[in-house]
Amino acid sequence: MDKILTLVIPSYNMEEYLPYCLDSLLVKENLGCLEVLVVNDGSRDRTSEIAHGYEKSCPDVFRVIDKENGNYGSCVNRGLQEARGKYIKILDADDSFDTVNFDRFISFLIKQEADLILSDFAVVDTARTTRKIIRYNLGDGEIFNMNDVCTESTFKNMHMHAVTYRKEILLSIGYRQTEKIAYTDQQWIFLPMTGVKAVARFRETIYKYQIGRSGQTVDPAVKAKSMAQTARCALDMAVQYESIKDHVVGKPVQEYLYARITPLLKEIYVFSLTHYGADTKDHLIKFDNELNNISNTLYNHIGCKETSSFLGFEYINYWRGHKTVNIPLIRILSKIYITILKLKKLRIKPDPMEVPSSFD
């Protein structure tokens, strides 16, 4: 039977979570239409052994790719290279699917020709209890024109968990993710969108995104150590933008691309300035210079008042004009910035289980 969907599961030391993840994929009606690629990224635990057990019991569905460690992007690249499905989706090994809805989703894909399929997803805690549902309401109907929906806030704020691509559009643009770093999930919902023309909406929850696990890339402690990798991811996205900008200028997809890359770039400046030190200053200066060399358009966009100002204070442009200012002054300014932010948040009733955005 032809494979309709390939799932790529990047896996590094996931022995605790992988069985639950793979069990959730054992659909009843459409199992033969599914291909599951477990990409073992040089794990040092029983990840490979567990995955090979599923491959042995169901070789027509599960396939294990054992490779040297190359981080998340290398797993996605390898999976795309070997995928046989008409559509392709990424599933993290510590997450899972709603099995019943997933079976319906495959039936939905069998009848589709759209380039991109959006589906709702659930946020679950470590006890697998659903805490929130993220829905993608694009309006009435099932099929939408990319230019009509890509500037909607719902679309611009999408997470990778909602995305399934027709594999051919990724191959047509020679899509590859940056290797040896984390945070490349942002790349998955960036450049591929330039090849999307038709968008379909599947109106049920498939993906179950687990939060609260220590060691996740959204963990603040992990994030602090990985900021250099975030910067590398953002710069590579800037290179991608420069490669296609002449084809998207003035088109709705340009607004979408700006909406994806701007918060990522802004996060690097804000994080660096609010953790300012001798090393941080040097890294930020290097990042700032590289961004300017790669894309003067994005460099100016991230520094403009409309994009990066706080209470009228253009903090990125101020820093750019005072890079040689002593570190204590920058720290004082950043503390004032943080304090005002906290005061503003106290005036707003917080959502106790707000989904971390892809930029958190």
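Preceding block: the structure.
What counts, and where the lines are drawn
Residues numbered from 1 in each chain as written. Predicted model: local features only at pLDDT ≥ 70, side-chain atom pairs only at ≥ 80, totals over all residues. Heavy atoms only, no water. Phe/Tyr/Trp six-rings, centres within 6.5 Å; stacked < 30°, edge-to-face > 60°. Helix = DSSP H or I, 4+ residues; strand = E, 2+ residues; numbered from the N terminus. Lys NZ or Arg CZ within 6 Å of the ring centre and 35° of its normal. Expected span 1.5 Å × (residues − 1). Contact = heavy atoms within 4.5 Å. Salt bridge = Lys/Arg side-chain N within 4 Å of Asp/Glu carboxyl O. Buried < 20%, exposed > 50% of the residue type's maximum accessible area, 1.4 Å probe, protein only. Axes fitted to C-alpha atoms, helices over the stretch in contact; angles between N-to-C directions. Parallel < 35°, antiparallel > 145°, perpendicular 65-115°, else oblique. Left-handed = near helix turned anticlockwise from the far one by under 90°. Nonpolar A, V, L, I, M, F, W, Y, C, P; charged D, E, K, R; others polar. Lys, Arg positive; Asp, Glu negative; His and termini not counted. Polar contact = N/O pair within 3.5 Å; in protein donor to acceptor, adjacent residues only side chain to side chain. Pairing = 2+ DSSP bridges.

1. Digging into the packing of aromatic side chains
Phase 1: All told, the structure shown has twelve aromatic pairs when counted by the stated rule.
Phase 2: Ring geometry for Tyr-165 versus Trp-188: centroids 5.2 Å apart, planes at 75°, classification edge-to-face. Of this pair, Tyr-165 sits in strand β9 (residues 163–166) while Trp-188 sits in helix α8 (residues 185–188), and the two are 23 residues apart along the sequence.
Phase 3: By way of ring pairs, the aromatic residues Phe-97, Phe-102 and Tyr-207 are connected into one cluster.
Phase 4: Between Arg-128 and the ring centre of Tyr-20, over which it is positioned, the NZ or CZ distance is 3.9 Å.
Phase 5: Here the basic side chain of Arg-320 rests over the ring of Tyr-299, its NZ or CZ set 3.6 Å away from the ring centre.

2. Quick notes on helix α3 (residues 71–82)
Phase 1: With twelve residues, α3 extends 17 Å from end C-alpha to end C-alpha; this agrees with the ideal 16 Å at 1.5 Å per step.
Phase 2: The inward-facing, buried residues of α3 contact β1 (5–11), β2 (34–41), β3 (62–67), β4 (87–90), α7 (167–172) and α8.

3. Thoughts on the side chain of Gln-254
Phase 1: In this fold, Gln-254 is placed in helix α11 (residues 252–274).
Phase 2: The residues touching Gln-254, leaving out its near neighbours within four places in the chain, are Tyr-241, Val-248 and Val-249.

4. Things to note about the pattern of salt bridges
Side-chain pairs of opposite charge can arise where the charged atoms are in close proximity.
Phase 1: A full pass over the atoms with the stated rule returns 18 salt bridges.
Phase 2: Arg-63 is the salt-bridge partner of Glu-35, the closest N and O atoms lying 3.1 Å from each other. Separated by 28 residues along the polypeptide, Glu-35 in strand β2 and Arg-63 in strand β3 bring together distant segments of the chain.
Phase 3: Since its relative accessible area comes to 1%, Glu-35 is described here as buried.
Phase 4: Classification of Arg-63 by relative accessible area gives partly exposed; the value is 23%.
Phase 5: As a salt-bridge pair, Asp-115 and Arg-166 come within 2.6 Å of each other at their nearest N and O atoms. Pair noted here: Asp-115 is in the loop between α4 (99–110) and β6 (116–124) and Arg-166 is in strand β9, with a separation of 51 residues, a long-range link.
Phase 6: Given the relative accessible area of 7%, Asp-115 is considered buried.
Phase 7: One salt-bridge network, in which partners are shared between bridges, spans Glu-35, Arg-63, Arg-78, Glu-82 and Arg-84.

5. Here's the deal with unusual backbone geometry
Phase 1: Residues other than glycine seldom take positive phi values, yet Asn-13 does so here, at roughly 50°.
Phase 2: In this structure, Asn-13 sits in the loop between β1 and α1 (18–23).
Phase 3: We classify Asn-13 as partly exposed; its relative accessible area is 31%.
Phase 4: Phi is positive for Tyr-183, close to 70°, though the residue is something other than glycine.
Phase 5: As for its position among the elements, Tyr-183 is in the loop between α7 and α8.
Phase 6: Exposure remark for Tyr-183: the relative accessible area of 10% places this residue in the buried category.

6. Focus: the packing of α11 against helix α13 (residues 296–303)
Phase 1: Two elements in contact, α11 and α13, have axes separated by 10 Å at closest approach and are oriented at 65°. On the basis of the axis angle, α11 is roughly perpendicular to α13. Relative to α13, α11 is oriented so that their crossing is right-handed. On α13, the residues touching Tyr-258, Ile-261, Thr-262, Leu-265, Lys-266 and Tyr-269 of α11 are Thr-297, Leu-298, His-301 and Ile-302.
Phase 2: Looking at side-chain class alone, the contact of α11 with α13 contains six nonpolar, three polar and one charged residues.

7. So, the side chain of Lys-3
Phase 1: Position of Lys-3 among the secondary structure elements: in the segment before β1.
Phase 2: Buried within the structure, Lys-3 lacks any salt-bridge partner; Asp-60 is the closest side chain of opposite charge, at an N-O distance of 6.3 Å.
Phase 3: One polar contact links the side chain of Lys-3 to the main-chain carbonyl oxygen of Gly-32, over a distance of 3.1 Å.
Phase 4: Polar contacts involving the side chain of Lys-3 include one to the main-chain carbonyl oxygen of Asp-60, which spans 2.6 Å.

8. Some remarks on the pairing of β4
Phase 1: The two faces of β4 match: Tyr-87 and Lys-89 on one face and Ile-88 and Ile-90 on the other face are all buried.
Phase 2: Looking at chain direction, β4 and β9 are connected through two bridges and run antiparallel. Within the sheet, the bridge partner assigned to Ile-88 lies in β9 and is Tyr-165.

9. Points about the packing of helix α10 (residues 227–248) against α11
Phase 1: The interhelical angle for the contact between α10 and α11, taken along N-to-C directions, is 155°, at an axis separation of 10 Å. By the angle class used here, α10 and α11 are roughly antiparallel. Of the two possible hands of crossing, α10 and α11 adopt the one that is left-handed. In contact with Met-227, Thr-230, Ala-231, Ala-234, Met-237, Ala-238, Tyr-241, Ile-244 and Val-248 of α10, α11 contributes Val-253, Gln-254, Leu-257, Tyr-258, Ile-261, Leu-264, Leu-265, Glu-267, Ile-268 and Phe-271.
Phase 2: Grouping the amino acids of the contact of α10 with α11 by side-chain chemistry returns 16 nonpolar, two polar and one charged.

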